[in-house]
Amino acid sequence: MKMILDLDTGIDDTFALMYAIANPDIQLLGVTGSFGNVTRDQGIHNDLALLSMVGHQEIPVFKGECHPLFSDNFTVSEGCEIFHGKNGTGDVEIPAKSIGSVQPQSAIDFIIQSVKTYGKDVTLVPTGSLTTMARVIQQAPELISKMHIVMMGGAAIQAGNNDKFAECNIAQDPDAADVVLSSGADITMVGLDVTMQTYTTQAFINKVRALGNTQATFFADMCDFYIKASNPYVPACAQDTFVLHDPLAVGVAFNPQYVRCVDVPLRVDTEEPGRGRIISDPLEVMAKKTPVHVALEVQNETFVSHLEETLYSFFTSFSEKE
């Protein structure tokens, strides 16, 4: 399947990028960089270095939006630095220099061109703020019916992780999220309702580390940072685990059967005190407005098994080269 990843490349975005590259049935057409866990430019730096690290510098990287619709600037939150470090990869240096360079074409134009060419045969997977996707919709509304989006973000039936109302990606730009979710495009929302049920363990990370090659060691070091940062904020039963937020979105894009969805028209509250909260307007439900596919149940064991097998095989391939 053809895929475009729209990343704010922190730790779980890196995990998702590795998963997409490792899956031989995914053709990654490009990576677009946005803001969120890190600044857009830091994220793009990470993307280029990561692609070089795994020998896939042929995958093009494009600049997306660098600030939300409601502001002319963006500052990384303290919470994002706690979970992702200042550089987005847990303050672990990526063991490669950026061989490639960012494309002169903008992410918006690249996505528009890709949707015009492939329609719903290309899946757009945003895992950070939805600002770039909102700009695409605003600039090319005629393409809405041709867009297929599987997004990581939102919380339908549980509290947010940015505050009690909002999930972090939605909170980065609630206005953009409202543009996207209310657009009528074909959207699957992979939110906290399912991602918080989906995790890999320290044991798997240790298994990858034992491969001993440069790529596996970087990946394990990065994941260790995330696990240690997460431990104070999760219950005892989830200690020493890595919650698979962004990788699950890639998984669902590849195999929709990993989740069960409920279809409902959605908006995003853009007013205080609930700014960033996912909401549903009863009038829109009655009018049968185009719904969003909201993931509420996940086949955790099936998904995690595929992810771990795919990634372990991928990192093993570097051991064989060495």
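You'll find the structure just up there.
Residues numbered from 1 in each chain as written. Predicted model: local features only at pLDDT ≥ 70, side-chain atom pairs only at ≥ 80, totals over all residues. Heavy atoms only, no water.

(A) Inspection of the overall build of the chain at higher detail. Helix and strand counts for the chain come out as 13 helices and twelve strands. Over its C-alpha atoms the chain spans a radius of gyration of 18 Å, differing by no more than 12% from the 20 Å that the globule rule assigns to 322 residues. Projecting the C-alpha coordinates of the chain onto the three principal axes gives extents of approximately 60 × 45 × 35 Å. Every one of the 322 residues in the chain was classed for burial, and the buried ones make up 57%. (Helix = DSSP H or I, 4+ residues; strand = E, 2+ residues; numbered from the N terminus. Rg over C-alpha atoms; globule rule 2.2 N^0.38 Å. Buried < 20%, exposed > 50% of the residue type's maximum accessible area, 1.4 Å probe, protein only.)

(B) Quick look at the pattern of salt bridges. Summed over all chains, the structure comprises ten salt bridges. Among the salt bridges present, the one from Arg209 reaches Asp224, with a minimum N-O distance of 2.4 Å. With a gap of 15 residues between them, Arg209 in helix 9 (residues 202-209) and Asp224 in helix 10 (residues 214-230) connect regions that are remote in the sequence. Assessed through its relative accessible area of 26%, Arg209 is described here as partly exposed. One salt bridge in this structure joins Asp269 and Arg277, with 3.1 Å as the shortest N-O distance. We classify Asp269 as buried; its relative accessible area is 14%. The network of salt bridges with common partners includes Arg209, Asp221 and Asp224. (Salt bridge = Lys/Arg side-chain N within 4 Å of Asp/Glu carboxyl O.)

(C) Region of the structure containing the pairing of strand 1 (residues 2-7). For strand 1, the tally of buried residues reaches five of six residues, placing the bulk of the element in the interior. Each parallel crossover has a hand, and the one from strand 1 via helix 1 (residues 11-22) to strand 2 (residues 27-33) is right-handed. Here strand 1 runs beside strand 4 (residues 122-126); their pairing, made up of five bridges, is parallel. Looking at the pairing, Asp6 lines up with Pro126 of strand 4. (Right-handed = clockwise from strand over helix to strand, strands pointing away. Pairing = 2+ DSSP bridges.)

(D) Structural context of the nonpolar core. One finds Leu17, Met18, Phe219 and Phe315 to be the most contacted residues of the largest nonpolar core, which totals 63 residues. Among the elements that make up this core, the one with the highest residue count is helix 1 (nine residues). Once you skip the residues sitting within four places of it in the chain, Leu17 turns out to touch Leu5, Leu7, Leu28, Val31, Leu50 and Leu51. (Core = buried A, V, L, I, M, F, W, Y, C linked by side-chain atoms within 4.5 Å. Contact = heavy atoms within 4.5 Å.)

(E) Molecular detail of the environment of Ser106. Structurally, Ser106 is set in the loop between helix 3 (78-84) and helix 4 (107-118). When the C-alpha positions of Ser106 and Ile94 are compared, they lie 25 Å apart, and in sequence the two are twelve residues distant. Beyond its immediate sequence surroundings of up to four residues, Ser106 is in contact with Phe62 and Lys63.

(F) Main features of the state of the cysteines. One pass over the structure, following the stated rule, counts zero disulfides. Here Cys80 is not disulfide-linked; the sulfur of Cys168 is the nearest cysteine sulfur, at 4.2 Å. Under the relative-accessibility criterion, Cys80 is labelled buried at 4%. (Disulfide = S-S within 2.5 Å.)

(G) Representation of the sheet that holds strand 6 (residues 186-190) within the structure. A sheet is described by the order of its strands in space; here eight strands give the open sequence 3-2-1-4-5-6-12-9, paired in mixed fashion. Looking at which strands have only one partner, the edges of the open sheet turn out to be strand 3 (61-63) and strand 9 (259-264). Put simply, the sheet's adjacent strands are angled 25 degrees from each other on average, direction ignored. (Axes fitted to C-alpha atoms, helices over the stretch in contact; angles between N-to-C directions.)

(H) Structural view of helix 10. Under the 1.5 Å per step criterion, the end-to-end length of helix 10 is 25 Å for 17 residues, consistent within 8% with the ideal 24 Å. Across the 17 residues that make up helix 10, a large majority, twelve, are buried. Buried within helix 10 are the following residues: Gln215, Ala216, Phe218, Phe219, Ala220, Met222, Cys223, Asp224, Tyr226, Ile227, Ala229 and Ser230. (Expected span 1.5 Å × (residues − 1).)

(I) A look at unusual backbone geometry. Cis geometry marks the peptide bond from Glu272 to Pro273; its omega dihedral reads 10 degrees. With respect to the element layout, Pro273 can be found in the loop between strand 10 (267-268) and strand 11 (278-279). Within the chain, Asp91 stands out as a residue other than glycine whose phi angle is a positive 60 degrees. Structurally, the position occupied by Asp91 is in the loop between helix 3 and helix 4.

(J) Local environment of the pairing of strand 2. Of all seven residues that make up strand 2, six are buried, and the element is covered over most of its length. Both strand 1 and strand 2 contribute to a ladder of six bridges, which runs parallel. The partner of Met3 across the bridge, within strand 2, is Leu28. Direction of pairing for strand 2 relative to strand 3: parallel, over a ladder of three bridges. Across the sheet, the residue bridging to Thr32 is Phe62, located in strand 3.

In short, the description is geometric, and any link to function would need to be established separately.
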